[in-house]
Every structure is written in structure tokens, then in C-alpha cells.
Amino acid sequence: MLLSVHFSFSFAALAGIVQLILAVRPTAALQGGRTIVWLVVLSCLWAVIRSTPRESVGRDFKQPDFSVIVKVGDLFAEQSNLIIGFTDVFDTSTEDADVISPRSVQAQFLEKAFHGDASALDEALRAALRGSPVLESETEASKPRGKRDRYPLGTVAVIARGEFKYYGVAYSRMSNDLVAQSSVDYLWRSLENVWSILSSSGHLEPVAIPVLGSDLARVGSLGRESLIKMIVLSFVARSRVSLVSRKITVVVHPSGADEVDFNEVQAFLNSL
């Protein structure tokens, strides 16, 4: 279906160009069956190129110099600092999968960076959040499971682990019945805070970010592609005010790659 759409569009565009040329200056070389054959061949080539799935797109920006890459892959395989999404209570427990889903980025962070030691991660978070104000504290009666201290949305906990830094950002609110909820406003505000922290303490080092808001803490009705554009737009806008990083990689999990039209994402990058 997609192949035929691209073929039809390309053929119509090329035929229109030929007709325009013939109207201005009749040329024998553009008349006859040979021209039709070339139009079909070129349209087929264009349709195949446009329809071939892509797994990585990017753009190098100038003044200031920085790069944006959007790719399918494993966030934790990136050799860079990482941005990790959290809720406002910075929960870490994956036991019984009732607080943090074992398939979430937070669970992978616990496993990859802390070898599954939740106590060590909790201690690192406590140290990172020591200077951050607690917005409110739930009681055991109101929130029987999970952590109870709530931090303002957009709070960023910076954790140094090995050779990399991890920027844990609270972009969603964990309800008392353990349902993570976010919104476009929450995400935009949180991204702005992350860029500010990176600008002041990231030394312009490469950073990678997952598609925040695409899974359990969904941001409204936005799909992965829209969320990618939102993340990229936020980063580019902030970078033009003050450089954040020389390179950001937005990593799309393979399970969600089919939801992203990488040609469209490339076109969006080119428009910025």
C-alpha cells in the first residue's frame, strides 16, 4: 500500500514536470514511449527508496554545533550519559511488578546500572535528591505501597555511576493506587529542567534519552512519533538559547519501531 502511494505521487510529480517543460519548449527527446518508460522506472526507484524501513535518522545543526539522532536500539548500549524517566515519588521496587513494571526503562536501569540492587539505587537517589524540596508526603493509609514522599514534577536526580551520569527526571505522577499519569505539560516542563541541568553540569557530553511517555505513563493520546518530535523540538529550542549537549540520541525500543515513520521524523528534523 505504502509502495503504491509513493509510486503514484512520484509518477504524478515527474509527469507534471515533463508536461511543464513540453509546454514551454517542445522537445522531441521528451515525447514518445521512451519517456513513459523512464517515468515508470524513476517512480519505482523513488517508491522503493521511500518505502524501505529506516532505523536511524539524524541531522547536524550549526550555530551552535550539535547533532540529533533518532534510532532504534537499546538505550543502555549507548556509550553516553542517559536520561531516565521516573515518577514524582521516585519508586524503584520491581517486586511483584505492582510498583514498577519489570519491562520499564526504570527496571532496566536498576538491573543494568545497579545489578538489581534496589537498596543501592534508593541510596543513590536519596543522595541526589537531598537538596530537592519534598512537595508533600503521603501516609501509609493513603498510599500503602511504594514510596510516599512526592517531589515537584520536573525534579531531576543526577546519579554518577561508573563512567556515565544518569539524569532521573520525574515527568509523571504516581497515583496512590500505583498508576503513573503524565501530560504534555508535565513532559515539556520536565524536559526543560533536564536540559537546564545538562547545560550546567553535563559538560556538553553526549546524552541519550528513551521516548518518554510512550509506555505505562502515557502522555495523553500522543503516539511515539509525536513524542519523539516533542522531545527533539524541546532540545533544539533549548540548544539555540544555551548549548545543552553536542549530541543527543533519542532511542526507540524495537517493540515500538513500527509506530514511527522515520522518513517523517527526518523531514521534521530538516524543518527545524
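Reading the values: rules and limits
Residues numbered from 1 in each chain as written. Predicted model: local features only at pLDDT ≥ 70, side-chain atom pairs only at ≥ 80, totals over all residues. Heavy atoms only, no water. Helix = DSSP H or I, 4+ residues; strand = E, 2+ residues; numbered from the N terminus. Contact = heavy atoms within 4.5 Å. Buried < 20%, exposed > 50% of the residue type's maximum accessible area, 1.4 Å probe, protein only. Salt bridge = Lys/Arg side-chain N within 4 Å of Asp/Glu carboxyl O. Polar contact = N/O pair within 3.5 Å; in protein donor to acceptor, adjacent residues only side chain to side chain. pLDDT = per-residue confidence, 0-100. Pairing = 2+ DSSP bridges. Phe/Tyr/Trp six-rings, centres within 6.5 Å; stacked < 30°, edge-to-face > 60°. Core = buried A, V, L, I, M, F, W, Y, C linked by side-chain atoms within 4.5 Å. Axes fitted to C-alpha atoms, helices over the stretch in contact; angles between N-to-C directions. Parallel < 35°, antiparallel > 145°, perpendicular 65-115°, else oblique. Nonpolar A, V, L, I, M, F, W, Y, C, P; charged D, E, K, R; others polar.

Caption draft 1: Summary view of the overall build of the chain. Scanning the chain for helices and strands turns up seven helices and 10 strands. Expressed as a percentage of contacts within the chain between residues at least 6 apart in sequence, the contacts between residues at least 24 apart total 68%.

Caption draft 2: The arrangement of the environment of P144 in detail. Tracing the backbone through its elements, the reader meets P144 in the loop between β4 (136–137) and β5 (149–150). Given the relative accessible area of 52%, P144 is considered exposed.

Caption draft 3: Quick look at the pattern of salt bridges. Following the criterion strictly, the structure yields 11 salt bridges and no others. A salt bridge links E225 to K229; the nearest nitrogen and oxygen atoms lie 3.5 Å apart. Remark: K229 and E225 occur in helix α6 (residues 224–239); sequence separation between them is four residues, near one turn of the helix. The buried category is assigned to K229, whose relative accessible area is 18%. Through salt bridges with shared partners, one network takes in D88, E138 and R150.

Caption draft 4: Broad picture of helix α7 (residues 262–271). Buried within α7 are the following residues: F262, N263, V265, Q266, F268 and L269. Measuring from the backbone nitrogen of N263 back to the side-chain oxygen at the start of α7 gives 3.0 Å, which picks out D261 as the cap.

Caption draft 5: Region of the structure containing the environment of V260. Its location among the elements puts V260 in the loop between β10 (247–252) and α7. Separated by 188 residues in the primary sequence, V260 and V72 place their C-alpha atoms 9.8 Å from one another. Apart from residues no more than four positions distant in its own chain, V260 is found in contact with R224, E225, I228, V252 and V265.

Caption draft 6: Seen up close, the confidence of the model for the chain. Considering every residue of the chain, the mean pLDDT works out to 85; 78% of them sit at 70 or more. Confidence, expressed as mean pLDDT per element, reaches its minimum in the chain at helix α1 (residues 2–24) with 51 and its maximum at strand β9 (residues 207–210) with 98.

Caption draft 7: Here's a closer look at the pairing of β10. Within β10, five of the six residues are buried, which leaves the element mostly enclosed by the surrounding structure. Pairing of β9 with β10 involves four bridges; the strand directions are parallel. By the bridge assignment for β10, V207 is matched with I248.

Caption draft 8: Looking closely at the packing of aromatic side chains. Under the criterion given, the structure shown has eight aromatic pairs. On the numbers, 4.7 Å between centres and 10° between planes, the contact of F61 with F66 is stacked. Accessibility assignment for this pair places F61 and F66 in one class, buried. A centroid spacing of 5.2 Å and a plane angle of 80° characterise the contact between W195 and F235, whose relative ring orientation is edge-to-face. Pair noted here: W195 is in helix α5 (residues 184–201) and F235 is in helix α6, with a separation of 40 residues, a long-range link. When its relative accessible area of 1% is taken as the criterion, F235 is described as buried. Within the aromatic cluster, the residues linked to one another by ring pairs are F86, F90, F109, F114, Y151 and Y166.

Caption draft 9: Structural context of the nonpolar core. In this structure, V68, V70, I83, W195, I209, I228 and V232 are the most contacted members of the largest nonpolar core, which totals 39 residues. At the level of secondary structure, the elements contributing two or more residues to this core comprise β1 (56–61), β2 (66–72), β7 (164–174), α5, β9, α6, β10 and α7. Ignoring any residue separated from it by four or fewer positions in sequence, one finds I209 in contact with L75, I83, L191, W195, I231, I248, T249, V250 and V251. I84, F90, F114 and A170 belong to the second-largest nonpolar core, a separate cluster that totals 20 residues.

Caption draft 10: Main features of the packing of helix α3 (residues 105–114) against helix α4 (residues 118–128). Contact pair α3 / α4: the axes reach a minimum separation of 10 Å and the direction vectors enclose 100°. In terms of orientation, α3 and α4 fall into the roughly perpendicular class. Facing F109, L110 and F114 of α3, the residues of α4 in contact are A118, A120, L121 and A124. Here the contact of α3 with α4 is built from residues that sort into seven nonpolar, no polar and no charged.

Caption draft 11: Layout of unusual backbone geometry. Of note, the bond from Q63 into P64 is cis; its omega dihedral lies within 30 degrees of zero at 5°. Tracing the backbone shows P64 in the loop between β1 and β2. Not every positive phi belongs to a glycine, and H115 is a case in point at roughly 50°. Mapped onto the elements, H115 comes out in the loop between α3 and α4. Taking relative accessible area as the criterion, H115 reaches 66% and is therefore assigned exposed. Within the chain, L204 stands out as a residue other than glycine whose phi angle is a positive 60°.

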